[in-house]
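Overview (structure and organization)
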Amino acid sequence: MIVYFSATGNSKYAAERIADALGDRAVSIEEKCYDITLKEDECLGIVTPTHWWALPIPVRAFLRNLKLRRRGSHYIFVASTYGTTPGCSAEETRHILREKGIRLSAAYNIKMPDNWTVTFDLSDPEKVAKQNEKAEVNIDRTIAMILHRKKGNFTRLRTPYAIYPITDKVFAKVRSTKNLTVDDNCNGCGLCAKKCPVNAIKMRDGKPVWVRDRCALCFRCLHHCPQFAIQFWKGATKKHGQYTNPNVKV
């Protein structure tokens with residue numbers, strides 16, 4: 001099984017490409033597929049975005065709830081999609097799995113468009129299309145290594161795991177839902193509430209309201225809003241556009 005979390009479709013697309021090459025299936029962790037059995041020579045892949053140089057909140061929760069039964073030899077890998085750096089996402093995965101007595105066989109990364117539009121401009125379709133063309137090469141390279149069952153940490157531009165406690169504290173503050181706003185363009189469709197992976201949004205009087213102090217900050221609500229009515233940090237995201245991977249639906 002290839003399990004994945006995806007807010008804007010990048011990791012879903014990578015997971016589906018990998019699963020197809022392996023003759024396997026890609027399953028979203030939001031289906032709560034915690035109980036997994038690996039038979040002799042079977043494979044488990046984890047495909048995840050990189051959030052603030054580490055794992056997304058939903059992926060952490062999934063790995064901590066994972067109940068993996070194994071028979072014989074097997075191959076377990078993580079593939080992190082990223083825009084600037086995969087950070088220590090692979091090492092965090094290894095740490096969580098090791099606590100459960102599970103050994104990570106390999107770690108990969110795949111550079112794709114970065115949906116953190118506080119900083120990155122995704123408003124130019126041609127520029128984004130070129131980034132996705134390059135991503136195909138990165139996915140192909142990763143698939144080739146997985147098919148050969150390479151072992152080791154093959155991530156590039158990674159950051160030391162020692163910075164994780166610091167960045168995670170900063171991330172906890174940035175994840176405050178007070179930083180998210182909805183403007184008058186909202187048409188009350190409720191898509192943001194329906195798609196939020198941590199149920200942080202509820203509809204009240206036809207408008208979205210964040211009902212949790214912190215969310216996963218995956219930007220799924222922002223990028224999928226049909227009116228582009230959701231913004232972050234007082235509209236810092238407005239000029240940089242929206243993004244969803246053109247090859248899949250999330």
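Residues numbered from 1 in each chain as written. Predicted model: local features only at pLDDT ≥ 70, side-chain atom pairs only at ≥ 80, totals over all residues. Heavy atoms only, no water.

1. Comments concerning the pattern of salt bridges
Condition: By definition here, a salt bridge exists when the distance from a side-chain nitrogen of Lys or Arg to a carboxyl oxygen of Asp or Glu is within 4 Å. Working definition: helices are DSSP H or I runs of at least four residues, strands are E runs of at least two. Numbering for both runs from the N terminus. Relative accessible area decides the class of each residue, using a 1.4 Å probe on protein chains only: under 20% of the type maximum gives buried, over 50% gives exposed, and in between gives partly exposed.
If you walk through the whole model with that rule in mind, you get nine salt bridges. Residue Asp41 is joined to Arg149 by a salt bridge in which the shortest nitrogen-to-oxygen separation is 3.2 Å. Of the two residues, Asp41 is situated in the loop between strand S3 (35-38) and strand S4 (42-49) and Arg149 in the loop between helix H4 (125-147) and strand S8 (152-153); the sequence distance between them amounts to 108 residues. One salt bridge in this structure joins Glu91 and Arg94, with 2.4 Å as the shortest N-O distance. Taken together, the positions of Glu91 and Arg94, both in helix H3 (residues 89-99) and three residues apart, correspond to about one turn of that helix. On the basis of relative accessible area, Arg94 is assigned to the partly exposed category, the value being 30%.

2. Quick look at the pairing of strand S7 (residues 106-111)
The test is simple: Strands are labelled as partners when DSSP assigns at least two bridges between them.
Most of S7 is tucked away: five of the six residues are buried. Alignment of strand S6 (residues 74-82) against S7, held across six bridges, turns out to be parallel. Across the sheet, the residue bridging to Val78 is Ala107, located in S7. Across two bridges, S7 lies against S8 in parallel orientation. Residue pairing for S8: Ala107 is matched across the bridge by Asn153.

3. Section: the packing of aromatic side chains
Which entries qualify depends on this criterion: Each aromatic pair joins two rings of Phe, Tyr and Trp (for Trp, the six-membered one) with centres within 6.5 Å, and gets the label stacked for planes under 30 degrees apart, edge-to-face for over 60, and tilted for any other angle. Distance and angle both matter: a charge sits over a ring if NZ of Lys or CZ of Arg is within 6 Å of the ring centre and within 35 degrees of the ring normal.
As enumerated under the stated definition, the model contains 13 aromatic pairs in all. Residues Trp52 and Phe171 carry aromatic rings whose centres are separated by 5.9 Å and whose planes lie at 20 degrees to one another, so their mutual orientation is stacked. Within this pair, whereas Trp52 is found in the loop between S4 and helix H2 (57-65), its partner Phe171 is found in helix H5 (residues 164-174), the two being separated by 119 residues in sequence. What links up through ring pairs into an aromatic cluster is the set Trp52, Trp53, Trp116, Phe171, Phe219, Phe232 and Trp233. A cation sits over an aromatic face here: Arg175 above Phe171, 5.3 Å from the ring centre.

4. Brief notes about the packing of H2 against H3
Defined as follows: Lines fitted to C-alpha atoms define the axes here, with helix axes fitted over just the stretch in contact, and angles between the N-to-C directions of these axes take values from 0 to 180 degrees. Angular relationships are summarised with four words: roughly parallel below 35 degrees, roughly antiparallel beyond 145, roughly perpendicular across 65 to 115, and oblique for the angles in between. In this scheme the handedness of a crossing depends on how the near helix is turned from the far one: anticlockwise by less than a right angle means left-handed, clockwise means right-handed. Whether two residues are in contact is decided by their heavy atoms: any pair within 4.5 Å suffices. Side-chain classes are defined by residue name, with Ala, Val, Leu, Ile, Met, Phe, Trp, Tyr, Cys and Pro counting as nonpolar, Asp, Glu, Lys and Arg as charged, and the others, Gly among them, as polar.
At a closest axis distance of 9 Å, the pairing of H2 and H3 adopts a crossing angle of 25 degrees. Taken together, the axes of H2 and H3 are roughly parallel relative to one another. In this structure, H2 crosses over H3, and the sense of that crossing is right-handed. The residues of H3 that touch H2, namely those facing Arg60, Leu63 and Arg64, are Glu92, Thr93, Ile96 and Leu97. Here the contact of H2 with H3 is built from residues that sort into three nonpolar, one polar and three charged.

5. Let's talk about the sheet that holds S8
The parallel open sheet is built from six strands, whose spatial order is S2-S1-S4-S6-S7-S8. The sheet is open, and its two edges are formed by strand S2 (26-28) and S8, each paired on a single side. As paired strands, strand S1 (residues 2-4) and S4 are joined by three bridges and run parallel to one another. Of the residues in S4, the one forming a bridge with Tyr4 is Val47.

6. Thoughts on the pairing of S6
Basically, it comes down to this: With its strands directed away from the observer, a crossover is right-handed exactly when the path from the first strand over the helix to the second travels clockwise.
Counting buried positions along S6 yields eight of nine residues, so the element is predominantly enclosed. Pairing of S4 with S6, which is carried by eight bridges, proceeds in the parallel orientation. The partner of Ile46 across the bridge, within S6, is Val78. Handedness of the crossover is the feature at issue here: the chain leaves S6, passes through H3, returns alongside S7, and the resulting connection is right-handed.

7. Some points on H3
Within H3, burial applies to Ser89, Ala90, Glu92, Thr93, His95, Ile96 and Leu97. In this fold, the buried residues of H3 make contact with S4, H2, S6, S7 and H5. Backbone geometry just downstream of H3 places Gly101 in the positive-phi region, at approximately 80 degrees.

Keep in mind these numbers describe shape, not what the thing actually does.
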